[in-house]
Amino acid sequence: MENTFIALSSPFNKSAIAIIRINGDKSLEITNSFLIKKVENSRGKRFLRKFYNNGQFIDEVVLNFYPAPHSYTGDDLIEIMCHGSVYIIEQIIASYNSKGVRYAGPGEFTRRALINSKLDFVKAESINELVNSENKLSHDSAINSYDGTVNKLFREIRKELNFLWANLEVDLDYPEFDNQNLDKSIIKCRIEKMLKSLKEINNNSESVLPFLKNITISIIGKPNVGKSTLLNALLKNNKAIVSDIPGTTRDVVEGEINIHNQKMKISDTAGVHSTEKIVEKEGIKKTFETIKKSNLIIHVSDDGEWEDMDIPKSKKIIYVYNKIDLIKNPLKSDEYVCISAKNNKIDTLSGELFAWVNEMSEIIADNCLINYRQWNICQLIQKKMEEWLEKFNAIQEDLHAFFLNEIKHLFDELLGKKIEDNLENTLFNHFCVGK
Ligand SMILES: Nc1nc2c(ncn2[C@@H]2O[C@H](COP(=O)(O)OP(=O)(O)OP(=O)(O)O)[C@@H](O)[C@H]2O)c(=O)[nH]1
Ligand SMILES: [Mg+2]
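Residues numbered from 1 in each chain as written. Chains lettered and ligands numbered in written order. Predicted model: local features only at pLDDT ≥ 70, side-chain atom pairs only at ≥ 80, totals over all residues.

Caption draft 1: Structural view of the overall build of the protein chain. The helix and strand inventory of the protein chain stands at 13 helices and twelve strands. Relative to a compact globule of 435 residues, whose C-alpha radius of gyration would be 22 Å, the protein chain shows 29 Å and is clearly more extended. Its C-alpha atoms give the protein chain principal-axis dimensions of roughly 80 × 80 × 40 Å. The buried share among the 435 residues of the protein chain stands at 34%. A separation threshold of at least 6 residues defines the contact pool for the protein chain, and within that pool the share at least 24 residues apart is 61%. (Helix = DSSP H or I, 4+ residues; strand = E, 2+ residues; numbered from the N terminus. Rg over C-alpha atoms; globule rule 2.2 N^0.38 Å. Buried ≥ 20, exposed ≤ 12 C-beta atoms within 10 Å, placed from the backbone. Contact = placed C-beta atoms within 7 Å.)

Caption draft 2: Representation of the packing of helix α7 (residues 184-212) against helix α11 (residues 372-391) within the structure. Remark: α7 packs on α11, axes separated minimally by 9 Å, with the N-to-C direction vectors making an angle of 145°. Pair α7 / α11 crosses with left-handed handedness. Two secondary-structure elements touch here, α7 through K188, I191, E192, M194, L195, L198, K199, I201, N202, S205 and L209 and α11 through Y372, W375, C378, Q379, I381, Q382, M385, E386, W388 and L389. Among the residues making up the contact of α7 with α11, the classes are represented as 13 nonpolar, four polar and four charged. (Axes fitted to C-alpha atoms, helices over the stretch in contact; angles between N-to-C directions. Left-handed = near helix turned anticlockwise from the far one by under 90°. Nonpolar A, V, L, I, M, F, W, Y, C, P; charged D, E, K, R; others polar.)

Caption draft 3: View of the site of ligand 1. In the region of ligand 1, 23 residues are neighbours, and G226, S228, T249, G271 and K342 sit closest. Residues that form the shell around ligand 1 fall into these classes: seven nonpolar, eleven polar and five charged. (Near = placed C-beta within 6 Å.)

Caption draft 4: Spotlight on the sheet that holds strand β7 (residues 216-221). The strand order across the open sheet formed by six strands is β8-β9-β7-β10-β11-β12, and the pairing between neighbours is mixed. In the strand order of this sheet, the two ends are held by β8 (253-259) and β12 (336-338), each with one partner. Averaged over all pairs of adjacent strands, the angle between their axes in this sheet comes to 30°, without regard to strand direction. Against the sheet, helix α9 (residues 278-293) touches β7, β9 (262-268) and β10 (296-301), its axis set at about 145° to β7. (Pairing = 2+ DSSP bridges.)

Caption draft 5: The nonpolar core, seen in detail. I6, I20, L230 and V320 are the most contacted members of the largest nonpolar core, which has 87 residues in total. V320 has contacts with I298, H299, V300, Y336, V337, I339 and L349, leaving out every residue within four places of it along the chain. (Core = buried A, V, L, I, M, F, W, Y, C linked by C-beta atoms within 7 Å.)

Caption draft 6: Layout of the pairing of strand β11 (residues 316-321). Here six bridges tie β10 to β11, and the two strands are oriented parallel to one another. Across the sheet, residue L296 finds its bridge partner in β11, namely K316. Inspection of the sheet shows β11 paired to β12 by three bridges, in the parallel sense. Its bridge partner being in β12, Y319 is matched across the sheet by Y336.

Caption draft 7: Fine view of the environment of L161. For L161, the position within the fold is in helix α6 (residues 149-173). By C-beta crowding, L161 is classed as buried, having 21 other C-beta atoms within 10 Å. Through-space distance from the C-alpha of L161 to that of K188 is 12 Å; in sequence the pair is 27 residues apart. When near neighbours in sequence (up to four residues on either side) are disregarded, L161 contacts L404, I407, K408 and F411.

Caption draft 8: Representation of helix α2 (residues 86-98) within the structure. The end-to-end C-alpha distance of α2, which contains 13 residues, comes to 18 Å, matching closely the 18 Å that a straight helix rising 1.5 Å per residue would cover. Within α2 the residues assigned to the buried category are I89, I92, S95 and Y96. Down the axis of α2, the smallest arc covering the buried residues is 130°, so these residues share one side. Opposite the packed face of α2, turned more than 90 degrees from it, sit the exposed residues V86, Y87, A94, N97 and S98. Those residues of α2 that are buried are in contact with β1 (5-8), β2 (15-23), α1 (27-32), β3 (46-53), β4 (56-66) and β5 (77-84). Backbone geometry just downstream of α2 places G100 in the positive-phi region, at approximately 90°. (Expected span 1.5 Å × (residues − 1). Arc of directions from axis to C-beta.)

Caption draft 9: How the structure looks around the packing of helix α5 (residues 136-146) against α7. It is at 9 Å that the axes of α5 and α7 come closest, and there the two elements cross at 125°. With respect to α7, the axis of α5 lies oblique. Handedness of the crossing formed by α5 with α7: left-handed. Across the interface between the two elements, L137, S138 and S141 of α5 pack against V208, F211 and L212 of α7. (Parallel < 35°, antiparallel > 145°, perpendicular 65-115°, else oblique.)

Caption draft 10: Representation of the sheet that holds strand β6 (residues 102-103). Taken in spatial order, the six strands make up an open sheet running β3-β4-β5-β2-β1-β6, and their pairing is mixed. The strands lining the two open edges of the sheet, one partner per strand, are β3 and β6. Pairing between β2 and β5: eight bridges, direction antiparallel. Within β5, the residue paired with S15 across the bridge is G84.

So far we have only geometry, and geometry alone does not tell us how the molecule works.
Here it is, written out as structure tokens:
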């Protein structure tokens, strides 16, 4: 009974249809106890049935039965689609509870799938990212990982490591045996090939990972250059106060923009300059705190000069030349974009943001990891491979075996073959109940 559990997989709200899932070896038997016309133990069928609790007709529902091991979890699994009334949902779940079926924990369906080897940890992580994806880039990366391009690459590398391991073992156990596969130059070549793919994926991830969850932009620059006017133009809403008095904005003003399905949080900040006015000083302090938290900076100027603001190198900066309407023959450059925020002429900036999202999207399509756990392990594997190759020609068989073994262990960790309980709990605690 321990593995028989129930959860609502759709939101607990009034809706047209709700989906309730019951997992475990007692799921069919217990479900049939609520139906007059029973559901057969057959794969790939859908049933329309009347659901009763203590003789009371609760709802007419559609049932899908997925017998083990052909289900998402690998156990027997039933999906009930009922009318989305909160009362009906509560009644159906209560009927199962009365038969001793407990409510599932977060991500417990996926956890069963992991235990039943229906998926590995990297795939479980991608499902979580997919459910949580709220914008284009996080969806792109989750779908890419889910669909298996990254997973496929990992499997290929693991297969390759197993092949090398088998050959090294032969050589260690039977040194007299002339093993053609173990020609050192061939092995070296194969490691170099794996390393190349890994380096690529690690570098791609370094560019993309900071932006996956959220893109946070801050608009910065000297006072009066038109930062608040630009915020309002981007939001299409007069959210921030605009005036020709320098130092108008003190507090950070925030909003959200959507550039071709990519949501971005955007903050207008106080103009940076040296001042003795206490309130302005506080505002400028907040500007630097906002810069720290942002991953993309729009640096605005109205005279073609962008003062050095000590922005960390990891942050993407777009230089914007505003008030271009006041200049007769503005000089175009690849270094900055020209706009007139006051006249809503900001297409060049929107275009730059769109191009940048596309560039990130392309990197993701080219292979990218979806979280820092994966990235940290892949970097360790890369380092180990580099170290191995560096010493390759000078070391004996047992040291070759040592390096290979270390790399194999790291790969097992990556794919979740030896995931510690607390890490597994951390992942599943972030899952929705019912997934
Ligand atoms: N001609 C022209 N004036 C602009 C443009 N953008 C902003 N302004 C004017 O510049 C002045 C300052 O604009 P703000 O948006 O308040 O400037 P800010 O950078 O937010 O200023 P602080 O909050 O004081 O740092 C206002 O009078 C705006 O109308 C533009 O594209 N063209
Ligand atoms: Mg302002």
